[in-house]
Amino acid sequence: MIIPVRCFTCGKVIGNKWDLYLDLLAAGYEEKDALNALSLNRYCCRRMLMTHVDLIEKLLTYNTLEKVTPQEFEKIQQERDQQEEF
């Protein structure tokens, strides 16, 4: 989802380091070197960045306020079933 603002274990602020971490990785740094460059020395803070999965972009594509009638839902299911047959 969204990178946590603080490390769950020690409370160090890490939310502002996510974009820098991605930039360093894109520049060709290894994970270890990127984390060292960001002064993340504790393994708990390193874990927070290394294991984070950024799903926010995928979740933003879904509209939770959209209402679907039962008839529309059945139609969508039939279309999916037809696509699976191919």
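Above this text sits the structure in question.
Residues numbered from 1 in each chain as written. Predicted model: local features only at pLDDT ≥ 70, side-chain atom pairs only at ≥ 80, totals over all residues. Heavy atoms only, no water.

(A) Broad picture of the overall build of the protein chain. When you go through the protein chain residue by residue, the secondary structure sums to five helices and zero strands. Of the regular secondary structure in the protein chain, the N- to C-terminal order runs α-α-α-α-α. For the protein chain, the C-alpha radius of gyration of 20 Å lies well beyond 12 Å, the compact-globule estimate for 86 residues. If one aligns the C-alpha atoms of the protein chain with their principal axes, the spans along those axes are about 55 × 30 × 20 Å. In the protein chain, buried positions account for 21% of the 86 residues. Residue pairs at least 24 apart in sequence account for 53% of intrachain contacts in the protein chain once pairs closer than 6 positions are excluded. Put simply, the protein chain shows about 7200 Å² of open surface, and 53% of that area lies on carbon and sulfur atoms. Here the protein chain carries 11 positive and 14 negative side-chain charges, and the mean point of each set is 15 Å from the other. (Helix = DSSP H or I, 4+ residues; strand = E, 2+ residues; numbered from the N terminus. Rg over C-alpha atoms; globule rule 2.2 N^0.38 Å. Buried < 20%, exposed > 50% of the residue type's maximum accessible area, 1.4 Å probe, protein only. Contact = heavy atoms within 4.5 Å. Areas by Shrake-Rupley, 256 points an atom, 1.4 Å probe, with all protein chains shown as cover. Lys, Arg positive; Asp, Glu negative; His and termini not counted. Charge placed at Lys NZ, Arg CZ, Asp CG, Glu CD.)

(B) The state of the cysteines, seen in detail. In total, this model carries zero disulfides according to the counting rule given. No disulfide involves Cys7; its nearest neighbouring cysteine sulfur is the one of Cys44, lying 3.6 Å away. Cysteine Cys45 remains unbridged, with the sulfur of Cys10 as its closest cysteine sulfur at 3.4 Å. (Disulfide = S-S within 2.5 Å.)

(C) Structural context of the nonpolar core. Tyr21, Leu38, Leu40, Cys45 and Leu49 are the most contacted members of the largest nonpolar core, which has 14 residues in total. Those elements giving two or more residues to this core turn out to be helix H1 (18-26), helix H2 (31-37) and helix H3 (43-50). Those residues in contact with Leu49 that lie beyond four places of it in its chain are Ile3, Ile14, Lys17, Trp18, Tyr21, Leu35, Leu38 and Leu40. (Core = buried A, V, L, I, M, F, W, Y, C linked by side-chain atoms within 4.5 Å.)

(D) Spatial organisation of a negative patch on the surface. Where like charges cluster on the molecular surface, the negative patch consists of Asp19, Asp23, Asp54 and Glu57. Within the secondary structure, Asp23 is located in helix H1. (Patch = residues over 30% accessible without salt bridge, like charges linked within 9 Å, V, L, I, M, F, W, Y side chains within 5 Å. Salt bridge = Lys/Arg side-chain N within 4 Å of Asp/Glu carboxyl O.)

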